[in-house]
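# Structure assessment
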Amino acid sequence: MATDSRIHFWKRNTKGPGRFLKDTPKSNSAQNVKSKKASSFLEFARSTNDAWDIDDEEDEDLFMAAAPPVPPSHPRPAAVTASLPPANPESDSESHPSEPHPTDTLGSLGSETCHDEQRTEGRSTNGRVVKSNSDAQLNTSSVRSSLQKQQSLPVRPIIPLVARISDQNASGAPPMTVREKSRLDKFRQLLASPNTDLEELRKHSWSGIPREVRPITWRLLSGYLPANMERREQVLQRKREEYFGFVEQYYHSRTDEHHRDTYRQIHIDIPRTNPLIPLFQQPLVQEVFERILFTWAIRHPASGYVQGINDLVTPFFVVFLSEFVEEDVENFEMSALPLDTQRNIEADSFWCMSKLLDGIQDNYTFAQPGIQIKVKALEELVSRIDEDVHGHFQKCEVEYLQFAFRWMNNLLMRELPLRCTIRLWDTYQAESEGFSHFHLYVCAAFLIKWRKEILSMVDFQGLLMLLQNLPTIHWGNEEVGLLLAEAYRLKYMFADAPNHYRR
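The rules behind each value
- Residues numbered from 1 in each chain as written.
- Predicted model: local features only at pLDDT ≥ 70, side-chain atom pairs only at ≥ 80, totals over all residues.
- Heavy atoms only, no water.
- Helix = DSSP H or I, 4+ residues; strand = E, 2+ residues; numbered from the N terminus.
- Contact = heavy atoms within 4.5 Å.
- Areas by Shrake-Rupley, 256 points an atom, 1.4 Å probe, with all protein chains shown as cover.
- Core = buried A, V, L, I, M, F, W, Y, C linked by side-chain atoms within 4.5 Å.
- Buried < 20%, exposed > 50% of the residue type's maximum accessible area, 1.4 Å probe, protein only.
- Axes fitted to C-alpha atoms, helices over the stretch in contact; angles between N-to-C directions.
- Parallel < 35°, antiparallel > 145°, perpendicular 65-115°, else oblique.
- Left-handed = near helix turned anticlockwise from the far one by under 90°.
- Nonpolar A, V, L, I, M, F, W, Y, C, P; charged D, E, K, R; others polar.
- Expected span 1.5 Å × (residues − 1).
- Polar contact = N/O pair within 3.5 Å; in protein donor to acceptor, adjacent residues only side chain to side chain.
- Phe/Tyr/Trp six-rings, centres within 6.5 Å; stacked < 30°, edge-to-face > 60°.
- Lys NZ or Arg CZ within 6 Å of the ring centre and 35° of its normal.

Let us look at the overall build of the chain. Looking only at helices and strands, one finds 21 helices and 0 strands in the chain. Contacts in the chain between residues at least 24 apart in sequence constitute 80% of all its contacts with a sequence separation of at least 6. For the chain, the accessible surface area stands at approximately 23,500 Å², while carbon and sulfur atoms represent 51% of it.

Structure (structure tokens):
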């Protein structure tokens, strides 16, 4: 019966993922979830009123406003089949901390209550993210209660929802300690060498790259720049000219009949990329992303454009932009930069994103086999390192594909603030096969990090809402460092001993 329901569910939901929520009061949605216990997954999906079932007319209006009229399109060539979860769930844990994430990624129908467990009326909402002080309206008693609790806790500054990307340390430490200055000097010494020792550079980059030298370090570690200093300028000039040669060759074809679907999907997805950061809502920046993504898709027909790839441009773009902007990157006006500088940032972002995708392209080819393999490996790994969590998922009939698909497809970018993603990618760039292999252990460590909250959820609905809206909005370097340390421990234990996580 569950199999038949699953088949009918996907037949009725063949539209692309990532729609915005309609303007409905959040409180009504929350009340519906609490007041009425859904008897089926379909009722649960409808009760969340999420962004996945919005009418296509809104997408058509968005596209028609910025592009020539498009005739009825052929089925989208992206590597997502109707039987698979969507490739890019658009609810962003940073962008919409109070709203439930879309649940149309669910590959099977789960029971609304765990077996042998009772649903309690007064359970705590562990998965809900607390709003910042400027937004939350607290009554007198709750304020008094929170102040009493805070008296016993160390003072810890709160990073706002859209924190400065440069403000990556949530621990309250000064911006530049003696240790940080020493590390920066070591990086500059390595980078100034006639032939940079890439192994030594990776060793120092694993624990984080200083902001001042991150752009050139990322170019080197991604393989975009050569280690030989004398060749760098020549290579940069040649690669940048080559990229704009591709743009001139391919970009005009975005209105051709066989490329319209690809361009349309890119054009729709870009405004949804980090919607709360003003930088990414500037038309000039969105045009840059359109050129990068369309050019890459045309040059990689095996996968084409798949939703989720748009997110992978943002860390590179922000890092290379920070080379010319001291502070407040997210509010910087891109048009203030010289045209040559804008073009260099665009070309470098394209090439570094291309290098990244070369290592994980099986994540985006037909049927996305790379993601399915990684999700299965995550399930096997968690079953060995934490049987309680794995057993809890089985009792609640929650499948790993229902939440981990997005973790693999977007490299946790929807679960972490952008500042944390940049710090995480420092280590991924330094780690051998960081994006394709080490990411698995980061996901496992990330999941076990929330074991207490996971085990406290006694029903299918609450557990899925938690896993799709984990409270990481105030994370900084300290939390990411602990996550990476745990991931390294898991890799050390299991990577070279795969039988350890097989029953």
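The biggest cluster of nonpolar side chains holds 113 residues, and the ones touching the most others in it are F317, L321, F393 and W425. With 11 residues, helix 18 (residues 434-449) is the single largest residue contributor to this core. Apart from the residues lying within four places of it in its own chain, the contact partners of L321 are L279, V329, F332, M334, L337 and I345.

Another aspect to go through is unusual backbone geometry. One non-glycine residue with positive phi stands out, namely A367, at about 70°. On the secondary structure map, A367 appears in the loop between helix 13 (339-359) and helix 14 (369-385). Since its relative accessible area comes to 22%, A367 is described here as partly exposed. Non-glycine residue L411 carries a positive phi angle of around 55°. As for its position among the elements, L411 is in the loop between helix 16 (401-409) and helix 17 (418-430).

Once that is clear, we can look at the environment of M413. Relative to the helices and strands, M413 resides in the loop between helix 16 and helix 17. Residues M413 and N274 lie 139 residues apart in sequence; the distance between their C-alpha atoms is 10.0 Å.

In the contact formed by helix 14 and helix 16, the axes pass within 9 Å of each other and the chain directions differ by 120°. The angle between helix 14 and helix 16 places the two elements in the oblique class. Note that helix 14 runs across helix 16; the crossing there is right-handed. Packed against helix 14, whose contacting residues are I371, K374, V375 and L378, the element helix 16 presents L401, A404, F405, M408 and N409 at the interface. For the contact of helix 14 with helix 16, the per-class residue count stands at 7 nonpolar, 1 polar and 1 charged.

Structurally, the α-helix is built with 3.6 residues per turn, so residues lying three or four positions apart point the same way. Compared with the 32 Å implied by 1.5 Å per residue over 22 residues, the 32 Å span of helix 9 (residues 229-250) between its first and last C-alpha is a close match. Buried residues along helix 9 sit against helix 6 (178-191), helix 8 (214-221), helix 11 (283-299) and helix 13. At the N-terminal boundary of helix 9, the capping side chain belongs to N228, with an oxygen 3.0 Å from the backbone nitrogen of E230.

Glancing now at the environment of F446. For F446, the location among the structural elements is in helix 18. A relative accessible area of 0% means that F446 is categorised as buried. For the pair F446 and E486, spaced 40 residues apart in sequence, the C-alpha separation works out to 8.8 Å. When residues no more than four places from it in sequence are discounted, the contact partners of F446 are W407, L412, E415, L416, L470, T472, W475 and L483.

Here we take up the packing of aromatic side chains. With the rule as written, the count across this model stands at 27 aromatic pairs. With centroids separated by 5.1 Å and ring planes inclined at 75°, the aromatic side chains of F350 and W351 adopt a geometry described as edge-to-face. According to the relative accessible area criterion, F350 is buried, its value standing at 1%. Ring centres of W407 and F446 lie 5.2 Å apart, and the angle between their planes is 75°; on these two criteria the pair is classed as edge-to-face. Taken together, the positions of W407 in helix 16 and F446 in helix 18 put the pair 39 residues apart, joining distant regions of the chain. This pair shows no difference in class: W407 is buried, exactly as F446 is. The rings of W206, W218, F316, F320, W425, Y428, F435, F438 and Y488 are connected pair by pair, giving a single aromatic cluster. R299 extends its terminal NZ or CZ atom over the ring of F246, reaching a point 3.9 Å from the ring centre. Between K449 and the ring centre of W450, over which it is positioned, the NZ or CZ distance is 5.8 Å.

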